[in-house]
Amino acid sequence: WTNLEVLDLTENKIEQDVSMDLDYLSSMKDLLLSNNYFFGTIPNEIRSLVRLEKLHLHHNSLYGTIPDDVLSLVRLRELKLSHNTQERQCFQYYSEYARCDASVHTYKGGDVCCHREDGKKVCSDEAGVKVYEDSRFCLTPILRGPIPAGFGNTPYME
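Residues numbered from 1 in each chain as written. Predicted model: local features only at pLDDT ≥ 70, side-chain atom pairs only at ≥ 80, totals over all residues. Heavy atoms only, no water.

Okay, the pairing of strand E7 (residues 89-92) next. Only one face of E7 is covered, namely the one carrying Gln 89 and Phe 91; the face carrying Cys 90 and Gln 92 has none of its residues buried. As paired strands, E7 and strand E12 (residues 136-139) are joined by four bridges and run antiparallel to one another. Its bridge partner lying in E12, Gln 92 is registered against Arg 136. (Buried < 20%, exposed > 50% of the residue type's maximum accessible area, 1.4 Å probe, protein only. Helix = DSSP H or I, 4+ residues; strand = E, 2+ residues; numbered from the N terminus. Pairing = 2+ DSSP bridges.)

Here's what the structure looks like:
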């Protein structure tokens, strides 16, 4: 994997957390993961992809903020993050179908993931989590927050 320059997994219906061990992909130039069901936050370890020129993460289910570590990708020419919004979905805590990794009664903040009836996993960071008194979690996963300061100074960005 250390010599791999292009990884194109576009439109493969992959459903998993986008976090991965990136240390072995140091030669990567194009990482194309769009049009799948990747969820989670963009990992700070993205900075280890020092040769990266294209990063396509659009049309997935990412949430959280764009990490400042994207700025360390000085060769980056294309960054596609659009269409990472999901519809608000609510989960009844006591439902036989909904399985959430947090309890509505003890939730104090942080990320929450729940499984829908069809088995698909829905996750949101704290900003997209709403807890209701009738034992419901409502999750609105979205990629949010400011664009990292200095982003316009990336030398190769088109």
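Moving on to the packing of aromatic side chains. This structure, assessed with the given rule, holds one aromatic pair. Measuring from centroid to centroid gives 5.7 Å for Tyr 107 and Phe 137, while their planes differ by 90°, and the two rings are edge-to-face. Residue Tyr 107 is found in the loop between strand E8 (99-100) and strand E9 (112-115), and its partner Phe 137 is found in strand E12; the two are separated by 30 residues along the sequence. For the residue pair Tyr 107 and Phe 137, the accessibility class agrees, reading buried in each case. Lys 120 extends its terminal NZ or CZ atom over the ring of Tyr 37, reaching a point 4.5 Å from the ring centre. The aromatic ring of Tyr 132 is capped on one face by Arg 136, whose charged end is 4.3 Å from the ring centroid. (Phe/Tyr/Trp six-rings, centres within 6.5 Å; stacked < 30°, edge-to-face > 60°. Lys NZ or Arg CZ within 6 Å of the ring centre and 35° of its normal.)

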